[in-house]
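What follows is each chain in one-letter form.
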Amino acid sequence: MNVTAHPTDSPHKRLFLLNRARPTAGTVARIEELEADWIGPLLARLTERTEPLAARAEWLTCLDELLTHERAGTPAGSYLAEKATREEFTYVVREFALDGLTEAQNFFPAIPRLPLRAQMAVMRVLIDEFGCGNQRQAHSQLYLDLLAELGLPQDLESFLDTTGEGTYQFLNVFYWLTQRAEDIAYFLGALAYLEASIPDAFRVQARACERLGIANGRYYTEHLHIDTFHMREMQLAIKECAAAGGIDPTRLWIGAQLLSELIGGAFEAAVNRAREAV
């Protein structure tokens, strides 16, 4: 992608483009300025409302309670699964195209920040994301197949102006989590939450594909299977970090809450816009 940020672009579109640009000193300075106005207050609010956790077992309990709560679903999820038209579903697929086409690319900077055994666990997740070296099985290729069936473009540039700010925030947060977060525990908590929540969350899209007769829904059904394994790998990575020198369970929990808030907000906004626009 050879597109540069423009001053008239929205803040999070600019941030997305800067995150994917060559990391010069000037680029990083502009990224940090944009993040300070966004991540700073957001992280402060989550930190203030979060009771400190004393042990990793408490983090696991908090995560399980959050997942149980989210498993009940939302009206937006129910609508997409059971009532959305093909056009409305296509709108939502387009909304998350930048995520599907760049899936896991922004996770790699976290690797050198982890102890070796934790690196191995996270790398096993990443290997799956990229189809174990088989392009046809790579998650981004599965998304390309879905886009093609729905008559949507195949290139990133085509989605830059159709992606909402909420979705851009979800995209941008992993660049911060992996590269600039003070503690890598925020990233581990966020990714552990994501991998644990997706098998339930993507049942919505998988059901919509089944109902609408969309053949290339494997992007979603693959996650129903593989992310159960990824969930275990992320907990192993956290355990290995704890064994290697300790890990802050409160920051794990804040990372999970951060991602839950951003991805939940992005999904709700996308479905609502689809219903209004189509």
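Residues numbered from 1 in each chain as written. Predicted model: local features only at pLDDT ≥ 70, side-chain atom pairs only at ≥ 80, totals over all residues. Heavy atoms only, no water.

> So what's going on with the environment of Gly 217? Residues and values would help.
Relative to the elements of secondary structure, Gly 217 occurs in the loop between α11 (203-212) and α12 (218-245). Residues Gly 217 and Glu 268, 51 residues apart in the sequence, show an inter-C-alpha distance of 20 Å. (Helix = DSSP H or I, 4+ residues; strand = E, 2+ residues; numbered from the N terminus.)

> Explain the nonpolar core to me, and be specific about the residues and the numbers.
Counting 98 residues, the largest nonpolar core has Tyr 143, Phe 174, Leu 188 and Tyr 220 as its most contacted members. Ranked by residues supplied to this core, first place goes to helix α13 (residues 249-277) with 13 residues. When neighbours within four sequence positions are excluded, Tyr 220 is seen to be in contact with Phe 89, Val 93, Tyr 143, Leu 146, Phe 202, Gln 205, Ala 206 and Cys 209. (Core = buried A, V, L, I, M, F, W, Y, C linked by side-chain atoms within 4.5 Å. Buried < 20%, exposed > 50% of the residue type's maximum accessible area, 1.4 Å probe, protein only. Contact = heavy atoms within 4.5 Å.)

> Break down the packing of helix α8 (residues 139-149) against α12 for me, with residues and values.
The contact between α8 and α12 brings their axes to 8 Å, and the two run at 150°. Classified by the angle between their axes, α8 and α12 sit roughly antiparallel to one another. Contact residues: α8 offers His 139, Leu 142, Tyr 143 and Leu 146, while α12 offers Arg 218, Tyr 219, Tyr 220, Glu 222, His 223 and Ile 226. Residues that form the contact of α8 with α12 fall into these classes: six nonpolar, two polar and two charged. (Axes fitted to C-alpha atoms, helices over the stretch in contact; angles between N-to-C directions. Parallel < 35°, antiparallel > 145°, perpendicular 65-115°, else oblique. Nonpolar A, V, L, I, M, F, W, Y, C, P; charged D, E, K, R; others polar.)

> Which residues make up the pattern of salt bridges, and what values do they have?
If the charged atoms of two oppositely charged side chains come close together, the side chains can form a pair. One pass over the full model with this rule turns up 15 salt bridges. The salt bridge partner of Glu 222 is Arg 218, with a shortest N-O separation of 3.5 Å. Here Glu 222 pairs with Arg 218, and both are found in helix α12, just four residues apart, close to one helical turn. Taking the relative accessible area as the measure of exposure, Arg 218 reaches 36% and is therefore partly exposed. (Salt bridge = Lys/Arg side-chain N within 4 Å of Asp/Glu carboxyl O.)

All quantities given are derived from atomic positions and should not be read as evidence of function.
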